[in-house]
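What follows is each chain in one-letter form.
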Amino acid sequence: MNIPVQDIITKVEQQLNEMKSEVARGNERGVQEAAMLIKAYCELLDKESTTVEKPIVPQEPRILPNANVTTPSTSSLNRTKDEGSLLDF
């Protein structure tokens, strides 16, 4: 069933107006009936919105920084400097 959302909104507004008039009359049963109809329209609207296909937007992968990053101590830097590097010819 594919009911336009605007039609459902119109029906909810009509029931809300009916509920207001029932409140003014003091008719509790009329208020309850209008409230139940509004709830039914809302549930119908919820079902209609879940059947609408929404485009899937791919998300770019996020690269999070590693919390376990270790920094070399100055003594190990000096040691590798003295020992040389594989790239030294």
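Residues numbered from 1 in each chain as written. Predicted model: local features only at pLDDT ≥ 70, side-chain atom pairs only at ≥ 80, totals over all residues. Heavy atoms only, no water.

What about helix α1 (residues 5–25)?
Over its 21 residues, α1 extends 30 Å from the first C-alpha to the last, a length consistent with the 30 Å expected when each residue adds 1.5 Å. Every buried residue of α1 is listed here: I8, Q15, M19 and E22. Taken around the axis of α1, the buried residues stretch over an arc of 60 degrees, which confines them to a single face. What points out from α1, more than 90 degrees from its buried face, is the exposed set Q6, K20 and A24. Just downstream of α1 lies G26, where phi reads positive at about 80 degrees. (Helix = DSSP H or I, 4+ residues; strand = E, 2+ residues; numbered from the N terminus. Expected span 1.5 Å × (residues − 1). Buried < 20%, exposed > 50% of the residue type's maximum accessible area, 1.4 Å probe, protein only. Arc of directions from axis to C-beta.)

Regarding the environment of I9
Relative to the elements of secondary structure, I9 occurs in helix α1. For I9, a relative accessible area of 33% gives the class partly exposed. With 36 residues separating them in the primary sequence, I9 and L45 have C-alpha atoms 8.6 Å apart.

What to know about the pattern of salt bridges
When their charged atoms lie close together, side chains carrying opposite charge are able to pair. Tallied over the full model, the rule gives two salt bridges. The salt bridge partner of R25 is E22, with a shortest N-O separation of 2.6 Å. Within this pair, R25 and its partner E22 are both found in helix α1, separated by three residues, close to a single helical turn. Accessibility expressed as a relative area gives 59% for R25, which makes it exposed. Of the residues examined, E22 reaches a relative accessible area of 7% and is grouped as buried. In this structure, E33 and R29 form a salt bridge, with 3.1 Å as the shortest nitrogen-oxygen distance. Of this pair, E33 and R29 both sit in helix α2 (residues 28–51), separated by four residues, roughly a single helical turn. (Salt bridge = Lys/Arg side-chain N within 4 Å of Asp/Glu carboxyl O.)

So far we have only geometry, and geometry alone does not tell us how the molecule works.
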